[in-house]
Amino acid sequence: MEKYIKSIRRSANTGLWVSVGVVIVSALYTLVSHYRFYASQHTTRWMLVAGSILAVLAVSMALLVIRKQIPALRQAESLEAKLSGYAQHIRSLYMSMMVVVLLICAFMVLSAQNVLLMLAMVATLMLFLAYPNIYRMKVELGLSDDEMRTLFGDRYIPDGKENNDKE
């Protein structure tokens, strides 16, 4: 069980912080650097269009996958099946969004289009909003307080509602 928790944490942290770093570095390069790449207007326009379409499709794909995958994971039989499915879901979501942010930032640097910075920031914001902490995992996977205590030990603080319902 611990390997799934570590995999979830590692995938989410890698995807999120690499995306944040790439956005910051490419924004600084585009806004501060004296060096520019000069492509033709036609190429610049197509990079803007391709980056915009890529960002919109990636965010829509991420939202659709989250909407479809989480209820399916909640219906899994065992705790291990839930955790392994959730680890795979987080890994694919964060790594694919990281690649999308890398491509959008590359388009931004190569075409000198600052509009793509906004789209890269929106894609990175998507990763912040979907970040899996222990309480989000409890809700998304439908875990009980006992299961959460076995997974996280003293780090998990129960809300007390489950205990009050039994009395």
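Here goes a summary of the coordinates provided. (Residues numbered from 1 in each chain as written. Predicted model: local features only at pLDDT ≥ 70, side-chain atom pairs only at ≥ 80, totals over all residues. Heavy atoms only, no water.)

With that settled, the discussion passes to the packing of aromatic side chains. Aromatic rings considered in pairs are described by the distance between their centres and by the relative angle of their planes. One pass over the full model with this rule turns up two aromatic pairs. Ring geometry for W17 and F128: centres 5.9 Å apart, planes at 85°, overall edge-to-face. One end of the pair, W17, is in helix α1 (residues 2-32); the other, F128, is in helix α4 (residues 115-129), with 111 residues separating them in the sequence. Residues Y29 and F37 carry aromatic rings whose centres are separated by 6.5 Å and whose planes lie at 35° to one another, so their mutual orientation is tilted. (Phe/Tyr/Trp six-rings, centres within 6.5 Å; stacked < 30°, edge-to-face > 60°. Helix = DSSP H or I, 4+ residues; strand = E, 2+ residues; numbered from the N terminus.)

What follows is about the packing of helix α2 (residues 41-74) against helix α3 (residues 79-111). Look at α2 against α3: their axes get within 10 Å of each other, and the N-to-C directions meet at 170°. Put simply, α2 runs roughly antiparallel to α3. Each residue belonging to the contact of α2 with α3 can be placed in one class, and the counts come to 20 nonpolar, seven polar and two charged. (Axes fitted to C-alpha atoms, helices over the stretch in contact; angles between N-to-C directions. Parallel < 35°, antiparallel > 145°, perpendicular 65-115°, else oblique. Nonpolar A, V, L, I, M, F, W, Y, C, P; charged D, E, K, R; others polar.)

This paragraph deals with the environment of I104. By secondary structure assignment, the location of I104 is in helix α3. We classify I104 as buried; its relative accessible area is 0%. Sequence separation between I104 and L48 is 56 residues; the distance between their C-alpha atoms is 9.0 Å. Excluding its chain neighbours within four sequence positions, the residues that come into contact with I104 are G51, L54, A55, L116 and A120. (Buried < 20%, exposed > 50% of the residue type's maximum accessible area, 1.4 Å probe, protein only. Contact = heavy atoms within 4.5 Å.)

One pass over the full model with this rule turns up two cavities of 30 Å³ or more. Put simply, the largest cavity is a space of about 40 Å³. For the lining of the largest cavity, the leading source of residues is α3, giving four residues. Looking at the lining of the largest cavity, its residues break down into six nonpolar, one polar and two charged. Volume-wise, the second largest cavity comes out at about 30 Å³. If you go around the second largest cavity, the residues you meet are Y29, T30, Y35, R36, V109 and A112. Looking at the lining of the second largest cavity residue by residue, the class counts come to four nonpolar, one polar and one charged. (1 Å grid on protein atoms, 1.4 Å probe; cavity = no way out; pocket = protein on both sides within 12 Å on 5 of 7 lines; lining within 4 Å. Points joined across faces, edges and corners; volume = space filled by probe spheres on them.)

Counted at 1.5 Å a residue, the expected span for α4 with its 15 residues is 21 Å, and the 22 Å between its end C-alpha atoms agrees. Within α4 the residues assigned to the buried category are L116, L117, L119, A120, A123, T124, M126 and L127. Looking at the buried side of α4, the elements it contacts are α1, α2 and α3. (Expected span 1.5 Å × (residues − 1).)

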